Amino acid sequence: MKKYTFTESKDTRSGFGAGLVEAGKQNENVVALCADLIGSLKMDAFIKEFPERFFQIGIAEANMMGIAAGLTIGGKIPFTGTFAEFSTARVYDQIRQSIAYSHKNVKIAASHAGLTLGEDGATHQTLEDIGLMKMLPGMVVINPCDFNQTKAATIAVAKYEGPVYLRFGRPVVPNFTPADQTFEIGKAVMLNEGTDVTIVATGHLVWEAIQAGEELEKLGISAEIINIHTIKPLDEAAILASVKKTGCVVTAEEHNRLGGLGDSVAQLLATQLPTPQEYVAVDDSFGESGTPAQLMEKYGLNAASIVAKAQKVISRKK
Amino acid sequence: MSVDINKLEQTATQVRRDIVRMVHGCQSGHPGGSLGCADYFVALYFHAMKNDPSFNMDGIGEDLFFLSNGHISPVFYSTLARAGYFPVSELATFRKLNTRLQGHPTTHEGLPGIRIASGSLGQGLSAAIGAAQAKKLNKDNNLVYVLMGDGELQEGQVWEAAMYAPHNKVDNLIAAVDYNGAQIDGSTDNVLSLGNLRAKWEAFGWDVLEVEKGNDMAAVVAGIDEAKSRTRKGKPVIILLHTAMGSGVDFMMGTHKWHGVAPNDEQLASALNQLPETLGDY
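Residues numbered from 1 in each chain as written. Chains lettered and ligands numbered in written order. Predicted model: local features only at pLDDT ≥ 70, side-chain atom pairs only at ≥ 80, totals over all residues. Heavy atoms only, no water.

Quick look at the overall build of chain B
Next, step 1: Helix and strand counts for chain B stand at ten helices and seven strands.
Next, step 2: Rg of the C-alpha trace for chain B: 17 Å, near the compact-globule value of 19 Å for 282 residues, within the 12% margin.
Next, step 3: In terms of overall dimensions, chain B has a C-alpha envelope of 50 × 45 × 40 Å along the principal axes.
Next, step 4: The buried share of chain B, taken over its 282 residues, is 58%. (Helix = DSSP H or I, 4+ residues; strand = E, 2+ residues; numbered from the N terminus. Rg over C-alpha atoms; globule rule 2.2 N^0.38 Å. Buried < 20%, exposed > 50% of the residue type's maximum accessible area, 1.4 Å probe, protein only.)

A short note on the sheet that holds strand β11 (residues 223-227) of chain A
All names here are of chain A.
Next, step 1: One open sheet accounts for five strands, arranged β9-β11-β10-β13-β14; its pairing is mixed. Across the chains shown, the open sheet's two edge strands, defined by having one partner strand only, are β9 (189-192) and β14 (277-282). Strand-to-strand, the axes of this sheet are offset by a mean angle of 25 degrees, without reference to chain direction.
Next, step 2: Bridge count between strand β10 (residues 197-201) and β11: five bridges; the pairing is parallel. In the sheet register, threonine 198 faces β11, and the bridge partner there is glutamate 224.
Next, step 3: Seen against the sheet, helix α11 (residues 261-272) touches β10, β13 (249-256) and β14 and runs at an angle of roughly 160 degrees to β14.
Next, step 4: In the packing of helix α13 (residues 303-315) onto the sheet, the strands contacted are β10, β13 and β14, and the crossing angle to β14 comes to about 155 degrees. (Pairing = 2+ DSSP bridges. Axes fitted to C-alpha atoms, helices over the stretch in contact; angles between N-to-C directions. Contact = heavy atoms within 4.5 Å.)

Describing the pattern of salt bridges
Residue and element names in this part refer to chain A.
Next, step 1: Applying the stated criterion across every chain, the model contains 24 salt bridges over all chains.
Next, step 2: For the salt bridge of arginine 257 with aspartate 283, the shortest nitrogen-to-oxygen distance reads 2.7 Å. Placement of the pair is arginine 257 in the loop between β13 and α11 and aspartate 283 in the loop between β14 and α12 (292-298), with a sequence separation of 26 residues.
Next, step 3: Given a relative accessible area of 55%, aspartate 283 falls into the exposed group.
Next, step 4: Taking the shortest distance from any N to any O, the salt bridge between lysine 298 and glutamate 288 comes out at 2.7 Å. Here lysine 298, found in helix α12, pairs with glutamate 288, found in the loop between β14 and α12; they are ten residues apart in sequence, far enough to count as distant.
Next, step 5: On the accessibility criterion, lysine 298 (57% relative accessible area) is exposed.
Next, step 6: Note on glutamate 288: relative accessible area 27%, which makes it partly exposed. (Salt bridge = Lys/Arg side-chain N within 4 Å of Asp/Glu carboxyl O.)

Some thoughts on the sheet that holds strand β7 (residues 164-167) of chain A
Where strands meet in a sheet, backbone hydrogen bonds hold them as pairs that are either parallel or antiparallel.
All names here are of chain A.
Next, step 1: Reading across from one edge, β3-β2-β4-β5-β7-β6-β12 is the order of the seven strands in this open sheet, with mixed pairing throughout. Lying at the two open borders of the sheet, with one neighbouring strand each, are β3 (54-56) and β12 (230-232). Ignoring strand direction, the axes of neighbouring strands in this sheet form an average angle of 20 degrees.
Next, step 2: Where strand β4 (residues 77-83) and strand β5 (residues 107-111) come together, five bridges link them in parallel fashion. Its bridge partner lying in β5, threonine 82 is registered against alanine 110.
Next, step 3: Taken strand by strand, helix α8 (residues 147-159) contacts β2 (30-34), β4, β5, β6 (140-142) and β7, and its axis lies near 140 degrees from that of β4.

Comments concerning the layout of surface pockets
Where empty space is left in the structure can be found by rolling a water-sized probe over the atoms.
Residues and elements named next belong to chain B.
Next, step 1: Computed from the structure, the largest pocket encloses a volume of approximately 320 Å³.
Next, step 2: Around the largest pocket sit 22 residues that line it, and His71, Leu121, Gly151, Gln183 and His259 are the ones nearest its centre.
Next, step 3: Its residues assigned to classes, the lining of the largest pocket shows six nonpolar, eleven polar and five charged. (1 Å grid on protein atoms, 1.4 Å probe; cavity = no way out; pocket = protein on both sides within 12 Å on 5 of 7 lines; lining within 4 Å. Points joined across faces, edges and corners; volume = space filled by probe spheres on them. Nonpolar A, V, L, I, M, F, W, Y, C, P; charged D, E, K, R; others polar.)

Some thoughts on the interface of chain A and chain B
Next, step 1: In this assembly, 26 residues from chain A lie in contact with 31 residues from chain B.
Next, step 2: Regarding the contact of chain A and chain B, the summed buried area is about 2200 Å², with carbon and sulfur atoms giving 54% of it.
Next, step 3: For the pair chain A and chain B, the interface holds zero salt bridges.
Next, step 4: In this structure, the connection of chain A to chain B is made through 16 residue pairs in polar contact (both at pLDDT 80 or more).
Next, step 5: Counting residues per element, the ones that place at least two in the side of chain A that touches chain B are β3, α4 (61-72) and α6 (92-101) of chain A. (Buried area = accessible area lost by both parts, 1.4 Å probe. Polar contact = N/O pair within 3.5 Å; in protein donor to acceptor, adjacent residues only side chain to side chain.)

Next comes the structure, spelled out in structure tokens:
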């Protein structure tokens, strides 16, 4: 098992904030919009650097999506900022018609995704956003795993022409990917090569997958671990090649079992390479209040759960 | 600049012919609001706007128009075709399979002149505000126009946008409301009354002007010219455009029943009798 270390824990949303400033420096057409959550979205640095390129929308997310769509007409590259719940479910029709169907170059930056938003509870913890966004034709869906990768993803999506949903979170998590990485949309990252089971993880579950890989190694199980930061378009070739070798797969995500990364992988495998699969995901329920760690434990979104599902799926191999 | 009102009226008459023929041709679509807004569209595209029919999406250096109440696509398509954005003959494909003239306007099929999809109501004002703010960032001194239906004002997003534009001094924007008092289920007064629209928009910080005769070309031209003169003074401008649904076709006027109904063969013949061909049918 390849060794991964980290010297600091940081939040992915700060990676977005850092990436946004860098993207703004690289291209003067990059602009930012926020629905009264500047601090939460870590947009302060961008606003300080480019005050005339920032739009405070107020608590009016539908209007924010429409204004962002309009700003693209004239060549701007708008990043909208609010919590993931209010970036998706609240404004689905606005995104569908004014952004996706109109193929506008809007980057929907969605923070506080999933259970790890924590104490605010289920009203704010979206577990459906990946599904909602990946169903929209032409929408790219990205869920990076740590600070460095979120920063790199933010810079990369600014250079990409077309609508993007960029999902990240609230809590600090180990920052282990290289600071100088290049982020390639739609390209899976191989974290560890193995032979017994493939673990396909996204977002905060990637670090949990690495820890699970270490535990599995102690049990004599060789895990191949893949970081799928882009859920759509899915790196089908990387997943098929791995599963062909290992013969089984565990998918891990901070999302509802329905509609997330796991379903994308299942659809791929069902049509091209039928393979035993187990899901590490929220089992079709809402979240609740608690600390991020408590919630991830209660809803089975951690390394221990990945280990258990890996053992189970291996036992299902013919 | 002298305005040839007579010529604009002739164009509007031809646009009305196009509308009823398009809707008849596919036996679907929305003639009522389309006919009511024919004079406004012609005044915009053949008089008020600086626009380039060779069409480029970003529209830098020209005025832009957004249609928020996308169901009146027939008047939009006819006006764009007559203004040279695409061949007039293409109007015959309206709402038919593989057409660029979808039931509601979209950028998806690449039809020149359309800058955003509309149809799901309440979204156009937001997009127009964004485009107007992009113009300011680009130091582009041209204007952005947007038309909404009056029934559409029942959508909450309109009022989010209504609050935003004055706060941010989006004063390169001229909105208009097709104030015909009717929607699918009846009069706006019966369905969900709009109350004092002028007072509402003024309270939100808009410069409001009314065009009482929204189907009188001279009055529409004067109203839009007046609106233009009020731009760049710190406030967004809105025109309450009093129109009659079905204007120009006697049996379609004075009722909401022609909001989304196509005429049959006899009704088409009757309508065309009232609208002499001026520029040549497609």
